[in-house]
Amino acid sequence: MQDKKITIAIDGFSSTGKSTLAKQLARRLNYIYVDTGAMYRAVTLYALQQGFISVSHFDEQGLVTHLPKVTLKFVFNTEVAHSEVFLNNVNVEHDIRSMEVSNYVSKIAALPQVREKLVEQQRFMGREKGIVMDGRDIGTVVFPDAELKIFMTAGADARARRRFDELTGQGRDVSYEEVLKNIEERDYIDSNRKDSPLQKAVDAIEVDNTNLSIDAQFEKILKLATAVL
Ligand code: DC
């Protein structure tokens, strides 16, 4: 058992397997795991439910005004052995993974007021270290002093194939083309927004897992983590 607890930041493009890796590390190191994408997705679900965003309009001001009414929390579900996100005390873990939420989330995540609120909560969750957090700006903005930063990449095709398999495995009705288009659009918006764009921190280690198995990737990063512990 190590006494020293560190912060592990995992950033990268959509569907690069960040959460799979983050969960594996958290379990092995007995750390807290936080999926920050789930937080942006939950705010997006809220915006959809309240009618602040749709195909034809985006009432940014309306959403910003209502942000204080949005409460997010993670609750550990022992049956599935990971945390699930709750929006205003309702478990939305399944609903936030829909294609509809995926189609709007990058627009919501580009709003500085949304980012400010969620980043504050993320820093609070990580204040005692012993945390693995995945997202887009964890190593650059949320925890610039994280002891280990990983930046994950993989080809768009490989990512779309994995995501498509995952969604159809959950019984969702999606096409491969739709998933690929969503991934490419999110890559573009997430990388080009003004506030906290997705970029590799200068001190992050880049891992391209297009041809890397989940186990090989885990062993590789676990070595990096234990070297810092
Ligand atoms: O990790 P994910 O695909 O579930 O994230 C959903 C979206 O949320 C992603 O397209 C961009 C946004 N996001 C972000 O802007 N910053 C983060 N730290 C995490 C996610």
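Placed above this text is the structure.
One structure accompanies this document, and this report is about it. (Residues numbered from 1 in each chain as written. Predicted model: local features only at pLDDT ≥ 70, side-chain atom pairs only at ≥ 80, totals over all residues. Heavy atoms only, no water.)

The subject of this paragraph is unusual backbone geometry. In this structure, Asn 89 takes a positive phi of about 70 degrees despite not being glycine. Positionally, Asn 89 belongs in the loop between strand 4 (82–87) and strand 5 (90–91). Exposure remark for Asn 89: the relative accessible area of 58% places this residue in the exposed category. In this model, Lys 129 sits at a positive phi of 60 degrees, which is unusual for a non-glycine residue. What makes Lys 129 partly exposed here is its relative accessible area of 32%. (Helix = DSSP H or I, 4+ residues; strand = E, 2+ residues; numbered from the N terminus. Buried < 20%, exposed > 50% of the residue type's maximum accessible area, 1.4 Å probe, protein only.)

At a minimum axis separation of 9 Å, helix 7 (residues 156–169) and helix 8 (residues 176–192) run at an interaxial angle of 125 degrees. It follows from the interaxial angle that helix 7 and helix 8 lie oblique. Helix 8 is crossed by helix 7, and the crossing has right-handed handedness. For the pair formed by helix 7 and helix 8, the contact residues are Ala 156, Asp 157, Arg 159, Ala 160, Arg 161, Arg 163, Phe 164 and Leu 167 on the first element and Tyr 176, Val 179, Leu 180, Ile 183, Glu 184 and Asp 187 on the second. (Axes fitted to C-alpha atoms, helices over the stretch in contact; angles between N-to-C directions. Parallel < 35°, antiparallel > 145°, perpendicular 65-115°, else oblique. Left-handed = near helix turned anticlockwise from the far one by under 90°. Contact = heavy atoms within 4.5 Å.)

Turning to the nonpolar core, a few remarks are in order. One broad trend across soluble globular proteins is that nonpolar side chains are buried collectively. In this structure, Val 43, Leu 63, Leu 72 and Val 114 are the most contacted members of the largest nonpolar core, which totals 36 residues. For this core, the elements supplying multiple residues, two or more each, are helix 2 (36–49), strand 4, helix 4 (99–109), helix 5 (112–125), strand 6 (131–135) and helix 6 (138–142). The biggest single contributor to this core is helix 2, with nine residues. In contact with Leu 63, other than residues within four places in its own chain, are Val 43, Tyr 46, Ala 47, Phe 52, Ile 108, Leu 111 and Val 114. In terms of nonpolar packing, the next biggest core, distinct from the first, is built from 19 residues, Ala 22, Met 152, Ile 221 and Ala 225 among them. (Core = buried A, V, L, I, M, F, W, Y, C linked by side-chain atoms within 4.5 Å.)

So, about the packing of aromatic side chains. Enumeration according to the criterion identifies three aromatic pairs in this entry. Note on Phe 13 and Phe 151: the rings are 6.0 Å apart at their centroids and 75 degrees apart in plane angle, and the pair reads as edge-to-face. You can see Phe 13 sitting in the loop between strand 1 (7–12) and helix 1 (18–29) and its partner Phe 151 sitting in strand 7 (residues 148–153), a full 138 residues away along the chain. For the pair Tyr 46 and Phe 52, a centre-to-centre distance of 6.5 Å together with 40 degrees between the ring planes defines the contact as tilted. Across the pair, exposure class does not vary: Tyr 46 and Phe 52 are buried alike. The ring of Phe 86 is capped by Lys 73, whose NZ or CZ atom sits 5.7 Å from the centre of that ring. The ring of Phe 124 is capped by Arg 127, whose NZ or CZ atom sits 3.8 Å from the centre of that ring. (Phe/Tyr/Trp six-rings, centres within 6.5 Å; stacked < 30°, edge-to-face > 60°. Lys NZ or Arg CZ within 6 Å of the ring centre and 35° of its normal.)

Turning our eyes to something else, we now look at the site of the ligand. In the region of the ligand, 15 residues are neighbours, and Arg 41, Arg 115, Asp 137, Asp 190 and Arg 193 sit closest. The contact in question runs from an oxygen atom of the ligand to an N or O atom on the side chain of Arg 193, over 2.7 Å. Coverage of the ligand by the protein chains reaches 95% of its 450 Å² of free accessible surface. Broken down by secondary-structure element, the contributors of at least two residues to the shell around the ligand are helix 2, helix 4 and helix 8. If one sorts the elements of the shell around the ligand by residue count, helix 2 sits on top with four residues. (Near = heavy atom within 4 Å. Polar contact = N/O pair within 3.5 Å; in protein donor to acceptor, adjacent residues only side chain to side chain. Areas by Shrake-Rupley, 256 points an atom, 1.4 Å probe, with all protein chains shown as cover.)

On to the packing of helix 4 against helix 8, then. Look at helix 4 against helix 8: their axes get within 8 Å of each other, and the N-to-C directions meet at 20 degrees. Comparing the axis directions of helix 4 and helix 8 gives the class roughly parallel. The interaxial crossing formed by helix 4 with helix 8 has left-handed handedness. From helix 4, Met 99, Ser 102, Asn 103, Val 105 and Ser 106 reach across to helix 8, where they touch Glu 178, Val 179, Asn 182, Arg 186, Ile 189 and Asp 190. Looking at the contact of helix 4 with helix 8 residue by residue, the class counts come to four nonpolar, four polar and three charged. (Nonpolar A, V, L, I, M, F, W, Y, C, P; charged D, E, K, R; others polar.)

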